[in-house]
Amino acid sequence: MSSLYGDGSGLSAVAFPANPAETSSSLTGHILAQGWTETSTDQRSSNTRVLVALAASLALLVAIGVVVVLIANNALDGVFGNLLSG
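Quick caveat: nothing in here was measured; it's all calculated off a predicted structure.

Enquirer: In this structure, what is going on with the overall build of the protein chain? I would like to understand it.
Expert: Scanning the protein chain for helices and strands turns up two helices and zero strands. Each of the 86 residues in the protein chain was classed as buried or not, and the buried ones make up 5%. Counting only carbon and sulfur atoms, one obtains 67% of the accessible surface of the protein chain, whose full area is about 7,500 Å².

Shown next as structure tokens:
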């Protein structure tokens, strides 16, 4: 019977690093042992553009919400103000 991570000969199909804390003979241990690659400046500037776009969208949504609240407050005051005073 062949194993999931090898050919059944008992030899591992992947090379693990020398750090014994990361050599758990599992696929998860192997993935975690690989580490992260350095991100380029292009990707970081792209992230900055995304954050700026999200901040602008949030500001626009807040402004629209304030306008809606002010209009609704004025409309409700006009409707219920006349009922209560008259």
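Enquirer: Got a minute to help me understand a nonpolar patch on the surface in this structure?
Expert: A contiguous nonpolar surface patch, about 570 Å² in accessible area, is contributed by Leu76, Val79, Phe80, Leu83 and Leu84. As for its placement among the helices and strands, valine 79 is situated in helix 2 (residues 41-85). A residue is classified by how much of its surface remains accessible, and valine 79, at 48% relative accessible area, is partly exposed.

Enquirer: It is not clear to me how helix 1 (residues 27-34) should be interpreted in this structure. Could you clarify?
Expert: An α-helical turn contains 3.6 residues, so a residue and the one three or four places further along point in the same direction. Listing the buried residues of helix 1 in full gives Gly29, His30 and Ala33. Down the axis of helix 1, the buried side of the element spans an arc of 100°, and every buried residue falls inside it. More than 90 degrees from the buried face of helix 1, the exposed residues found are Thr28, Ile31 and Leu32. At the exit of helix 1 stands glycine 35, carrying a positive phi of roughly 80°.

Analysis parameters
- Residues numbered from 1 in each chain as written.
- Predicted model: local features only at pLDDT ≥ 70, side-chain atom pairs only at ≥ 80, totals over all residues.
- Heavy atoms only, no water.
- Helix = DSSP H or I, 4+ residues; strand = E, 2+ residues; numbered from the N terminus.
- Buried < 20%, exposed > 50% of the residue type's maximum accessible area, 1.4 Å probe, protein only.
- Areas by Shrake-Rupley, 256 points an atom, 1.4 Å probe, with all protein chains shown as cover.
- Patch = residues over 30% accessible without salt bridge, like charges linked within 9 Å, V, L, I, M, F, W, Y side chains within 5 Å.
- Salt bridge = Lys/Arg side-chain N within 4 Å of Asp/Glu carboxyl O.
- Arc of directions from axis to C-beta.

Everything listed here is a matter of geometry and, on its own, says nothing about what the molecule does.
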